[in-house]
Amino acid sequence: MSNTVVIIPTRLQAKRLPNKPLKIINQKEMILHVYNLAVRSEIGEVLVATPDQAISDLIEKNGGKSFISKESHENGTDRVFEAFSKYFSSNPKIIINLQGDMPNLDPKDIIKLRNYLEKKNC
């Protein structure tokens, strides 16, 4: 098993653009684009953390893994921490908090970030 996990926090109740994770881009929901690029990076297990059953169902219907978090987090990092502490039985050395609204990110950039973090320079 990899020593790295990618956790993608996302929710439907954003104030500026409600339902943003489910917006369609090129015939696919934004959150699926982000999930798939994280998987394509091949650096470790990928998990979507969300309080919304609709997002969880979409991810799982498409072969992915999701975690239903509490609704009341102040920010995405708190959602990532809850998912990490309750979902993962092993302790990965690196947790990447990948934002759910970055559908055009290159998977190679996730690999570069993981490689940098492995050097323990930060």
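The preceding data block contains the structure.
Everything in this summary refers to the structure shown in the same document.

Parameters and conventions
Residues numbered from 1 in each chain as written. Predicted model: local features only at pLDDT ≥ 70, side-chain atom pairs only at ≥ 80, totals over all residues. Heavy atoms only, no water. Helix = DSSP H or I, 4+ residues; strand = E, 2+ residues; numbered from the N terminus. Expected span 1.5 Å × (residues − 1). Buried < 20%, exposed > 50% of the residue type's maximum accessible area, 1.4 Å probe, protein only. Axes fitted to C-alpha atoms, helices over the stretch in contact; angles between N-to-C directions. Parallel < 35°, antiparallel > 145°, perpendicular 65-115°, else oblique. Left-handed = near helix turned anticlockwise from the far one by under 90°. Contact = heavy atoms within 4.5 Å. Arc of directions from axis to C-beta. Phe/Tyr/Trp six-rings, centres within 6.5 Å; stacked < 30°, edge-to-face > 60°. Salt bridge = Lys/Arg side-chain N within 4 Å of Asp/Glu carboxyl O.

With 12 residues, helix H1 (residues 30–41) extends 17 Å from end C-alpha to end C-alpha; this agrees with the ideal 16 Å at 1.5 Å per step. Of all the 12 residues making up H1, 9 are buried; the element is thus mostly covered by neighbouring parts of the structure. For H1, every residue scored as buried is listed here: Met30, Ile31, Leu32, His33, Val34, Tyr35, Leu37, Ala38 and Ser41. After H1 finishes, the residue Glu42 shows a positive phi value of roughly 55 degrees.

Describing two packed helices takes the angle between their axes plus the distance from one axis to the other. Two numbers describe how H1 lies on helix H2 (residues 53–61): the axes approach to 10 Å, and their chain directions differ by 50 degrees. It follows from the interaxial angle that H1 and H2 lie oblique. Classified by chirality, the crossing of H2 by H1 is right-handed. Contacts from Ile31, Leu32 and Tyr35 in H1 reach Ile55, Leu58 and Ile59 in H2.

Turning next to H2. An α-helical turn contains 3.6 residues, so any two residues separated by three or four positions project in the same direction. Buried within H2 we find Ile55, Ser56, Leu58 and Ile59. For H2, the arc enclosing every buried residue in end-on projection is 165 degrees, short of the 170-degree limit, so these residues lie on one face. In the core, the buried residues of H2 are packed alongside strand E3 (28–29), H1, strand E4 (45–50) and strand E5 (66–68).

Time to look at the packing of aromatic side chains. Inspection of the entire model under this criterion finds 2 aromatic pairs. The interplanar angle of 75 degrees and the centroid separation of 4.9 Å between the aromatic rings of Tyr87 and Phe88 together place this pair among those described as edge-to-face. Classification of Tyr87 by relative accessible area gives partly exposed; the value is 31%.

Tallying each qualifying case throughout the model produces 5 salt bridges. The closest approach of N and O atoms between Asp109 and Lys112, which form a salt bridge, is 3.9 Å. Here Lys112 and Asp109 lie together in helix H4 (residues 107–118), a separation of 3 residues that amounts to about one turn. Take Asp109: its relative accessible area is 36%, and that puts it in the partly exposed class. Here Lys112 falls in the exposed class, since its relative accessible area comes to 55%. Between Arg114 and Glu118 there is a salt bridge, with its nearest N and O atoms 3.8 Å apart.

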